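Close look at the chain arrangement
Now for the letters of each chain:
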Amino acid sequence: MINEKDLRPKDMGRRDEQLIKLEHEQLMPLFPPYDKPRMEPPLTDPKPDWREKFCTSLDGYVGVDTLTRPKNNGEEDEFVRKFLSGLEKIFSDANNGALQPFLLSFEYCAKCDTCSAACHIYEASGKNELYRPIFRSEVLRKIVKKYFTKSGKLFGGFIGADIDVNWETIARLGELAYRCNLCRRCAQTCPLGLDNSLLTKEIRKIFSQEMGIAPLPLHTKGTVLQIKTGS
Ligand code: SF4
Ligand code: SF4
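Each chain has its residues counted from 1, following the order in which its sequence is written. Labels follow written order: the first chain is A, the first ligand is 1, and so on. In view of the model being predicted, local features appear only for residues whose pLDDT reaches at least 70, and side-chain atom pairs are presented and counted only at 80 or more, with totals across whole chains, interfaces and linings using the full set of residues. Excluded from the side-chain calculation are hydrogens and water; included are all heavy atoms of the structure.

1. Notes on the layout of surface pockets
With a 1 Å grid laid over protein atoms only, a set of points is called a cavity when a 1.4 Å probe fits there but cannot get out and a pocket when it is open yet has protein on both sides within 12 Å along at least five of seven lines; lining residues have an atom within 4 Å of a point. Grid points are joined across faces, edges and corners, and a volume is the space filled by probe spheres set on the points. Within this model, the largest pocket holds a volume of roughly 270 Å³. Forming the walls of the largest pocket are L22, L27, M28, L30, E40, D59, Y61, I121, A124, S125, Y131 and R179. Under this grouping Gly is polar, as are all residues other than the nonpolar Ala, Val, Leu, Ile, Met, Phe, Trp, Tyr, Cys and Pro and the charged Asp, Glu, Lys and Arg. Partitioned by chemical class, the residues of the lining of the largest pocket number eight nonpolar, one polar and three charged. Taken as a whole, the second largest pocket spans an internal volume of roughly 230 Å³. Along its surface, the second largest pocket is lined by Y178, K201, E202, R204, K205, S208, Q209, A214, L218, H219 and T223. What counts as a helix is a DSSP run of H or I of at least four residues, what counts as a strand is a run of E of at least two, and both are numbered from the N terminus. At the level of secondary structure, the elements contributing two or more residues to the lining of the second largest pocket comprise helix 9 (196-211) and helix 10 (216-229).

2. Examining the site of ligand 1
In the vicinity of ligand 1, 13 residues are found, and the nearest of them are C119, C180, C183, R184 and C186. If over half the atoms of a molecule are within 2 Å of the grid points of a cavity or pocket, the molecule is regarded as sitting in it. Here ligand 1 is seated within the largest cavity. Mapped onto the shell around ligand 1, the elements with two or more residues apiece are helix 4 (120-124), helix 5 (133-148) and helix 8 (185-189). Split into classes, the residues belonging to the shell around ligand 1 amount to seven nonpolar, three polar and three charged. Here a residue counts as near a molecule or strand whenever at least one of its heavy atoms sits within 4 Å of it.

3. Concerning the confidence of the model for the protein
Low pLDDT means the predicted coordinates in that region are not meant to be read closely. How sure the predictor is of each residue is captured by pLDDT, a score from 0 to 100. With 97% of its residues at a pLDDT of at least 70, the protein reaches an overall mean of 92. Per-element averaging of pLDDT across the protein places helix 6 (residues 150-155) at the bottom with 83 and helix 7 (residues 167-176) at the top with 98.

4. Let's talk about helix 3 (residues 100-107)
Note on exposure labels: buried denotes an accessible area under 20% of the residue type's maximum, exposed denotes more than 50%, and partly exposed covers the range between, all computed with a 1.4 Å probe on protein chains only. Looking only at helix 3, the buried set comprises F102, L103, S105 and F106. Looking straight down helix 3, one finds that the buried residues subtend no more than 165 degrees of arc, so they occupy a single side. This arc is taken over the directions from the axis of the helix to the C-beta atoms.

As structure tokens, this is what we get:
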């Protein structure tokens, strides 16, 4: 496990069992009347059979119940291949017009960090590095740089394409896309008008449309129900 202050986007590729562990005392206290001692349930470690089946290696919690571990190297390779293929499509010419706000947000972040203070998840976690709005965006940028740019292929780690891409990296990124509720508060404070939630949304989209992976409650009680009954 890594001290959250030392956590860097490239650590998403580490083979550790779990990157960070949340502790009660780090979290933002709840407002009255929910601030009494023992009103909040304890934060527990993931059960061993969850670790074996799901991706608990991000923060010890499972948000995507259809994201299960591969049974062999072939399944792991296929998982990574599908993600990269979906990622490549986002940057294809056909998407240039439709995804322009995404591309601008992807390309022009000044890393000024103004958006962090607007994110309730980052703030409520006690400013945990993992939940910083630009953390998952930076992971995505590193993967794109590594696989889809000439400079990344040639110079790798020297120019920031320093992330190992394996099942753990991609699965953690999929989980991390559900540690953001796409509220776009961060976008309202960005001096450049960039929107990190668009990057999160594209990660979710690759998982659902290219890989068939989305949280079941969201899919069956959200998307499917809405198609059936209307909104
Ligand atoms: S869109 Fe996501 S990252 Fe931005 S403020 Fe909302 S929860 Fe935080
Ligand atoms: S406020 Fe905008 S430019 Fe600054 S770090 Fe956030 S997304 Fe990047």
